[in-house]
Amino acid sequence: MWLLMVNGLVYVVLGFATGRFRRKLLPITPGGVISDAKAALTGKLSHADLTKYNYVQKLLYAGIIAVGVVIVLSGLSIWKPVQFQYLTALFGGYDVARYVHFFCMAAICAFLVLHVALAVLVPKSLRAMIIGR
C-alpha cells in the first residue's frame, strides 16, 4: 500500500511540476469526447501520432488519476478512522468510505482491462508501450 501511494504521489507531483498533465491531458471538451468516442466505435479513429492523446484518452487518464487520489484518501479513512476522523466524516462515515474504496478499485480494474484490450487492438501502440518508442 505505502509503496503504491508514494509512487502515485511522486507521479502526481512530477506531472504537475513539469506541466506534463497540462500538456498531455488538457483541454478536455465534451464535444471532442463525443466525436472521438463515435470515431472509435466506428473504427475511424486515427492512430497516426501516438504521442498525442485523443479526447477519450485524455478523459480516461485524467479520470484514473482522480480515482487514484480518491482511493488513497478512502483507504486512509478506512485504515485509521479515528486518527483520520475528519477525512472519514468527509466520506460520510466508515461504511461509505468502504463503498467508495471498493468502487474506486473496481474502476481501476475496469480501466486496466479496457486499456489492455484497446492496446491489443492497435499493435503499434502496444509496441510503443513495451519498447518506449
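Structure: above.
Residues numbered from 1 in each chain as written. Predicted model: local features only at pLDDT ≥ 70, side-chain atom pairs only at ≥ 80, totals over all residues. Heavy atoms only, no water.

1. Digging into the overall build of the protein
- When helices and strands are counted, the protein shows 7 helices and 0 strands.
- For the protein, the spread of C-alpha atoms along the principal axes amounts to about 50 × 30 × 25 Å.
- Put simply, the protein has 133 residues, and 23% of those count as buried.
- Summarising the internal contacts of the protein: among those between residues at least 6 apart in sequence, 54% fall at separations of at least 24. (Helix = DSSP H or I, 4+ residues; strand = E, 2+ residues; numbered from the N terminus. Buried < 20%, exposed > 50% of the residue type's maximum accessible area, 1.4 Å probe, protein only. Contact = heavy atoms within 4.5 Å.)

2. A closer look at unusual backbone geometry
- Put simply, L26 and P27 share a cis peptide bond, and its omega is 0°.
- Note on placement: P27 falls in the loop between α2 (20-25) and α3 (30-41).

3. Describing the packing of helix α1 (residues 2-17) against helix α4 (residues 55-79)
- Orientation of α1 relative to α4, taken along the N-to-C sense of each, is 140°, at an axis distance of 11 Å. Between α1 and α4, the interaxial angle falls into the category oblique. Considering only the axes of α1 and α4, their crossing is left-handed. Where α1 abuts α4, its residues W2, M5, Y11 and V12 lie against I65, V72, L76 and W79.
- Residues belonging to the contact of α1 with α4 are distributed by class as follows: 8 nonpolar, no polar and no charged. (Axes fitted to C-alpha atoms, helices over the stretch in contact; angles between N-to-C directions. Parallel < 35°, antiparallel > 145°, perpendicular 65-115°, else oblique. Left-handed = near helix turned anticlockwise from the far one by under 90°. Nonpolar A, V, L, I, M, F, W, Y, C, P; charged D, E, K, R; others polar.)

4. Some points on the nonpolar core
- Core analysis: the largest hydrophobic core is formed by 9 residues, namely F21, L25, Y61, I64, I65, V67, I71, C104 and F111.
- The set of elements that each furnish at least two residues to this core consists of α2, α4 and α6 (94-121).
- Sorting elements by how many residues they give to this core places α4 first, with 5 residues.
- If we ignore the near neighbours within four places in the chain, the residues touching V67 are C104, A107 and I108. (Core = buried A, V, L, I, M, F, W, Y, C linked by side-chain atoms within 4.5 Å.)

5. Here's the deal with the side chain of D36
- As for its placement among the helices and strands, D36 is situated in helix α3.
- K58 provides the closest opposite charge to the buried, unpaired D36, separated from it by 7.6 Å.
- Residue contacts for D36: discarding those within four places in its chain leaves L45, N54, Y55 and V56. (Lys, Arg positive; Asp, Glu negative; His and termini not counted. Salt bridge = Lys/Arg side-chain N within 4 Å of Asp/Glu carboxyl O.)

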